[in-house]
Amino acid sequence: MEVLPGAHVIARTGSAIIVVAHPGGAPVTADSPAMHTLALLRGLVYEAAEEEPGAPWQTFARLVGGRLSEIDNPSEFGVALATESGLGVHLSGALTLVADNGAGVVERIGGQGDGSAVNRVLAVPRVAAGIFVDEPGTEPAVPAIRGVGDLVDGVAVGGGAVIRFVFEPGGAATLSAGEAEELPPPAVSARIDGAADSTLAERAPLPIRAAGAGTASTPGRSRVRGYYCARHHLNDPRVSFCSVCGIRMDQRTGILQEGVRPPLGLLVVDDGFTIVLDTDCVIGRDPERSDAARQGMRSIRLSDNSGGMSRAHVEIRLHEWDVLVIDRESTNGTFVRAPGTFDWFRLLPGQPAILAPGSEVAVGRRLIIFDSPHGRLPVGRPPLGG
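Worth saying up front: this structure is predicted, and the values here are computed from it rather than measured.

1. Section: the overall build of the protein
Secondary structure assignment for the protein yields three helices and 24 strands. Split into buried and exposed, the 386 residues of the protein put 52% on the buried side. Restricting the contact set of the protein to residue pairs at least 6 apart, pairs at least 24 apart contribute 62%. Carbon and sulfur atoms make up 51% of the accessible area of the protein, which amounts to about 17100 Å² in all.

Printed below as a string of structure tokens:
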């Protein structure tokens, strides 16, 4: 999915692209109405895919019609979901879907600013499909030249979203640019102030599937035990407030239950590069060929001109509800500073340490901050560096 420049909220969830209007020009934060709307829509996409894998669009259309009232002042939005029968489209408010069939044949759907909704299934466009927030004085159009803002799965800030298609000799549509039918989640997600992509709570990434393609298997999910809040969001049993909706956890049942672990937060690099912590990862200047990467760990490459970063410098591992940092016997070491402290200390190679939200990690000359709405350290366990 290509993300176009702009200030609205864009997401890709499995075979769905979602665009939510964020008017006014202020920075997007976790409390923005657009983010609350997006959280609901992404949850409904997952719910529809789980309830009816063969026909998620019909289920999604039914769910969104009955559940939109769950949030106050929902933002205008557009959703396109690739299914086996075509491209399902739902537009609510001043958004437009543009279907480009090549040779100058372009279809525009939506563009209603009166609160009315469009809900229909289209044939898969021959070239591309894009969803755009209507802006005064402009006509939405799919760019002729592909840009560089690709998003495999996750959330970004932009002005619109485009998916381009190619047709195989047999006539089936697949995603363009050599994308596989099933892809791992990306390491990068756009930074949204105060947000750790809580819309992914309780959910693992869905397989990405083009219209007309067979059903791909769902990647494995890590399951943990925790408490559900009154709105059925799974949480670390040590927290006082739900990390997704913010309500007090004294409304919980008090019974530990097993569920799919949500992402445990973000690693934010000094240049704004952001890593969603939904799986274990290895970080370095060239980690792709490390034994950790060969064993399936996500590899994150960071540039470092100082020469102080090893090829596979440090591992970040998710254990239950904790985020662990492990130095991989790097040449120059990994240094950590606990939140609210001034002193740095060097990790012992191979020895895992727990990262508390707000901790800083120095890898070579690069600085990484761990940010998370989840959890706090267990009672009796000292903070990192203590």
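Past the structure itself, the notes keep going.
2. Considerations on the packing of aromatic side chains
A full pass over the atoms with the stated rule returns one aromatic pair. When the centroid spacing of 5.5 Å and the interplanar angle of 35° are considered together, the rings of W57 and F60 count as tilted. Separated by three residues within a single helix, W57 and F60 lie in helix α2 (residues 56-67), roughly one turn from each other. When sorted by exposure, W57 lands in the same class as F60, which is buried.

3. A word on unusual backbone geometry
Notably, N73 is not glycine yet its phi reads approximately 50°, a positive angle. Relative to the assigned elements, N73 resides in the loop between α2 and β3 (77-83). The backbone phi angle of E329 is positive, close to 55°, even though this residue is not glycine.

4. Focus on the side chain of D100
Here D100 is to be found in strand β5 (residues 95-100). Notably, D100 is buried but unbridged: the nearest opposite-charge side chain belongs to R164, and the N-O separation is 6.2 Å. Residue contacts for D100: discarding those within four places in its chain leaves V105, V106, P125, R126, V127, A128 and V142.

5. Some thoughts on the sheet that holds strand β13 (residues 257-260)
Within the open sheet, the three strands sit side by side as β12-β11-β13. Their pairing is antiparallel. Looking at which strands have only one partner, the edges of the open sheet turn out to be β12 (234-235) and β13. Bridge analysis of strand β11 (residues 223-228) against β13 gives four bridges, and the strand direction is antiparallel. Opposite G226, over in β13, you have Q257 as the bridge partner.

6. Observations regarding the pairing of strand β18 (residues 314-319)
Sheet analysis places strand β16 (residues 281-284) next to β18, joined by three bridges and oriented antiparallel. Looking at the pairing, I283 lines up with V314 of β18. Counted along the chain from β18 to the antiparallel partner strand β19 (residues 322-327), the turn is two residues long, and its residue E320 has a positive phi close to 55°.

7. Quick notes on the sheet that holds β19
In space, the five strands of this open sheet follow the order β17-β16-β18-β19-β22, with mixed pairing throughout. Either end of the sheet is taken by a strand with one partner, and the two such strands are β17 (298-301) and β22 (353-354). As paired elements, β19 and β22 share two bridges and run antiparallel to each other. Within the sheet, the bridge partner assigned to L324 lies in β22 and is I354.

8. Examining the environment of A141
Looking at where A141 falls in the secondary structure, it is placed in the loop between β8 (128-133) and β9 (154-167). Counting along the chain gives 35 residues from A141 to V106, while the straight-line C-alpha distance between them is 8.8 Å. Excluding residues within four positions of it along the chain, A141 makes contact with V98, R108 and F132.

9. A word on the pattern of salt bridges
Summed over the entire model, instances satisfying the criterion amount to 19 salt bridges. Across the pair D291 and R328 runs a salt bridge, and its minimum N-O distance is 2.8 Å. Of the two residues, D291 is situated in helix α3 (residues 291-294) and R328 in the loop between β19 and β20 (334-337); the sequence distance between them amounts to 37 residues. Under the relative-accessibility criterion, R328 is labelled partly exposed at 24%. Put simply, R337 and E360 hold a salt bridge, and the shortest N to O gap is 2.9 Å.

Calculation rules
- The residue numbers shown here count from 1 along each chain, following its written sequence.
- Residue-level local features of this predicted model are given only where pLDDT is at least 70; pairs of side-chain atoms are given and counted only at 80 or more, and the full residue set underlies all totals for whole chains, interfaces and linings.
- Processing note: side-chain calculations cover all non-hydrogen atoms of the structure and skip hydrogens and water entirely.
- Where helices and strands are cited, they refer to DSSP runs of H or I of at least four residues and of E of at least two residues respectively, numbered from the N terminus.
- The buried label applies to any residue whose accessible area, calculated with a 1.4 Å probe on protein chains only, is under 20% of its type's maximum; exposed applies above 50%, and partly exposed to all values in between.
- The contact definition used throughout considers only heavy atoms, calling two residues in contact when any of these lie within 4.5 Å.
- Only the protein chains shown count as cover for residues, with accessible areas throughout obtained via the Shrake-Rupley method and a probe of 1.4 Å.
- For Phe, Tyr and Trp, where Trp contributes only its six-membered ring, two rings pair if their centres lie within 6.5 Å, and the inter-plane angle classes them as stacked under 30 degrees, edge-to-face over 60, or tilted in between.
- Think of it this way: Lys and Arg go in the positive column, Asp and Glu in the negative one, and His and the chain ends go nowhere.
- In the sections that follow, a salt bridge refers to a side-chain nitrogen of Lys or Arg positioned within 4 Å of a carboxyl oxygen of Asp or Glu.
- Two strands form a pair only when DSSP identifies at least two bridges running between them.

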